[in-house]
Amino acid sequence: MFHRSSDVPLFVDFGLVRDLLKSSLTQSWNPLGPCTPFFAAPEQLNNDKALIGWRTDQFGLGLVLGYCLTGSHPYQARNMTTNQAIQAVANKQNCSDEFKALAKSANLECLLKMIEPWPVRRYSDPQYLLEDFRKRI
Amino acid sequence: MSAYHHMGHDTENLIGENDLEEYTGIILSPVNRSPESLRDHINVFREKGDYDIVLDPQLYFPKSERGSLREYPYFPPDFDTVDMTSLPWWENTVKLLTDFAISLNISTIVSPVVQPKIWNTDYYSVCSSISQLLLGNLQNSDIRVFSTIMANVTELTDTSKMMEIASIVSDTDSDGFYIIFVSDIEPRREFSDETELYGMMSLIKELQNTRRPVLVGHCSSEMLLFKAAGASACSTGKFFNLRRFTKSRYEEPAIGGGQLPYWFEHSLLAFLREADIIRLLSNNFQDLVSTHLSDNYWSKEILSHFESEPEKAWLALSWRQYLSWFGKVEVELSTSDSIPTVQKWLKEAEENWWVLDDNDLLFDEQRNDGKWLRSWRQALVKFKKTYTQSSPA
């Protein structure tokens, strides 16, 4: 999102918060959690609520950055439709070989870690993510 | 890192014992002693050395006898009837536990967890939240908080399930992880299911990859595999029921009676009874007795004891001989390339069992035949293939 017609990027925090000690508003029986599917993590697409946390946002950010880098969804291999890419994420497949190669050639392997299908394999701390980016950029 | 000593009934005298210097951590056991006694022991341990003293609140079983646990100020009076999934209830328990922990001279606390009836994602989410509550309460103290993770080993045979558990429990800011594997296999017996072992190793590896230390509690000889998987440290104790997590510790009077002495032999990676040690020695298999890391101060004491006082009990020596082996293995595998080292040890041990079998040398204990080593080797090969040849990005 950009500020009016300028090239100043605008980040919006909608200020959605929830008391973790209270019960959830999102029903567990929903097959799909609330999300923008194209930039969603597997745990959102599968409504695996127990897996949703800050690392879910990390995945979304990784997808956005990957999209900016390559112009396509990191899980979207050649000849794949958008829906197939979303399905690949939901099925916890690996990202496309094309994206892996591009990320490596750009010295941005950190993006691959950000979009690991399982949260435990993503950065466990925002500080580690920042450190890795700073080393590379 | 180094080995951790799991306290049980009457185990304090092993801290600072000769040839057990590799133990630099102590996991306290409230169930076995009163709060006053626990406090006194901590002071004694602090005088003996610079130990990482870990408090395990041991709230594992709501409905059990629990030894001295009821005497502890954090023990919930409504523990038998409360809804364990209620975080507001845990808030209060964790607050009481925090106050107690701060009053002790400990360095680490592991988060309280209950062994569930059903191992589902909701359970692990609650465990993760409890850990986060404890961490929040202790953020201004020097006490490290490790998240306790109880894992049913049969659940870990499903890789997706294992990854799901690892993903949920790693969603905390805790300083490390304390893993307890839960299994139906009796403490004396070795784990022998390749897929279970592989699952345990994978869970350790996935958590270790989050750049936080992983302490595996209640280990026996299978700790070789846990170290190969990357465990920062493993804990064990003098009794078999400390070397495997058992409910019986929280149900029966915690006494140490009725036990047989066992020697731990590195050449076979097995526990041996006295008759079997003598059988090896008297059948020209001296080269399989007291080898490598089981050749320690206590093994020499035992052998000399067999000669000088053959009728006298050697249970106390046997605990020390095993503990010495464990501590030395822990250090050796922390300072070397552990996977090839463990592969070599397992291969050699299995070959030694074949030699014994070829020579019709059969041990008194029928199931003590080394057959578990095949599944240990298979689990390690699979682990190596998965994690060292195609490591995650």
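What you see is a predicted model, and the numbers here were worked out from it, not measured in a lab.

**Quick notes on the overall build of chain A**
Here comes step 1: When its secondary structure is counted, chain A shows six helices and zero strands.
Here comes step 2: Scanning chain A from its N terminus toward the C terminus, one meets helices and strands in the order α-α-α-α-α-α.
Here comes step 3: Here chain A, with 137 residues, has 30% of them falling under the buried criterion.

**Side note on the nonpolar core**
A general tendency of soluble globular proteins is for nonpolar side chains to be buried together.
Here comes step 1: Counting residues in hydrophobic clusters, the biggest one holds 113 residues, and the most contacted among them are Ile 179, Met 201, Leu 203, Ile 204, Leu 225 and Phe 226 of chain B.
Here comes step 2: Sorting elements by how many residues they give to this core places helix α3 (residues 121–137) of chain B first, with eight residues.
Here comes step 3: A domain split of this core shows at least three residues from each of domain 1 (3–250) and domain 2 (263–388) of chain B.
Here comes step 4: Every residue in contact with Leu 225 of chain B, bar those within four places of it in the chain, is listed here: Leu 197, Met 201, Val 342, Trp 376, Ala 379 and Leu 380 of chain B.
Here comes step 5: One finds Ala 85, Cys 110, Leu 112 and Ile 115 of chain A within the second-largest nonpolar core, a separate group that totals 17 residues.

**Digging into the packing of helix α5 (residues 194–208) of chain B against helix α12 (residues 372–388) of chain B**
Helix-helix packing is described using two parameters, namely the angle between the two axes and the distance between the axes.
Residue and element names in this part refer to chain B.
Here comes step 1: It is the contact of α5 with α12, at a shortest axis distance of 8 Å, that shows an interaxial angle of 40°. Classed by the angle they form, the pair α5 and α12 counts as oblique. Classified by chirality, the crossing of α12 by α5 is right-handed. Mapping the contact onto sequence places Glu 194, Leu 197, Tyr 198, Met 201, Ser 202 and Lys 205 in α5 and Ser 375, Trp 376, Gln 378, Ala 379, Lys 382, Phe 383 and Tyr 387 in α12.
Here comes step 2: Class assignment of the residues belonging to the contact of α5 with α12 gives a composition of seven nonpolar, three polar and three charged.

**Focus: the sheet that holds strand β2 (residues 23–28) of chain B**
All names here are of chain B.
Here comes step 1: Strand order in this closed barrel of eight strands is β1-β2-β3-β4-β5-β6-β7-β8, and the pairing throughout is parallel. Shown here is a sheet whose adjacent strand axes are inclined to one another by a mean of 25°, direction ignored.
Here comes step 2: In this structure, strand β1 (residues 3–6) lies alongside strand β8 (residues 233–236), joined through two bridges in parallel fashion. Considered in β8, the bridge of His 5 is made with Thr 236.
Here comes step 3: Sheet contacts for helix α10 (residues 315–335): β1, β2 and β8; angle to β8, the most-contacted strand, approximately 175°.

**What about the domain arrangement of chain B?**
All names here are of chain B.
Here comes step 1: On domain assignment, one finds that chain B holds domain 1 (3–250) and domain 2 (263–388).
Here comes step 2: Put simply, the middle of domain 1 and the middle of domain 2, counted by C-alpha atoms, are 27 Å apart.
Here comes step 3: Taken residue by residue, the interface counts 29 residues in domain 1 and 29 residues in domain 2.
Here comes step 4: When residues of the side of domain 1 that touches domain 2 are traced back to their parent elements, those giving at least two are α5, α6 (223–228) and β8.
Here comes step 5: It is α5 that contributes the most residues to the side of domain 1 that touches domain 2, six residues altogether.
Here comes step 6: Class assignment for the residues of the side of domain 1 that touches domain 2 results in 15 nonpolar, five polar and nine charged.

Cut-offs used in this document
Residues numbered from 1 in each chain as written. Chains lettered and ligands numbered in written order. Predicted model: local features only at pLDDT ≥ 70, side-chain atom pairs only at ≥ 80, totals over all residues. Helix = DSSP H or I, 4+ residues; strand = E, 2+ residues; numbered from the N terminus. Buried ≥ 20, exposed ≤ 12 C-beta atoms within 10 Å, placed from the backbone. Core = buried A, V, L, I, M, F, W, Y, C linked by C-beta atoms within 7 Å. Domains from an automatic or database assignment. Contact = placed C-beta atoms within 7 Å. Axes fitted to C-alpha atoms, helices over the stretch in contact; angles between N-to-C directions. Parallel < 35°, antiparallel > 145°, perpendicular 65-115°, else oblique. Left-handed = near helix turned anticlockwise from the far one by under 90°. Nonpolar A, V, L, I, M, F, W, Y, C, P; charged D, E, K, R; others polar. Pairing = 2+ DSSP bridges.

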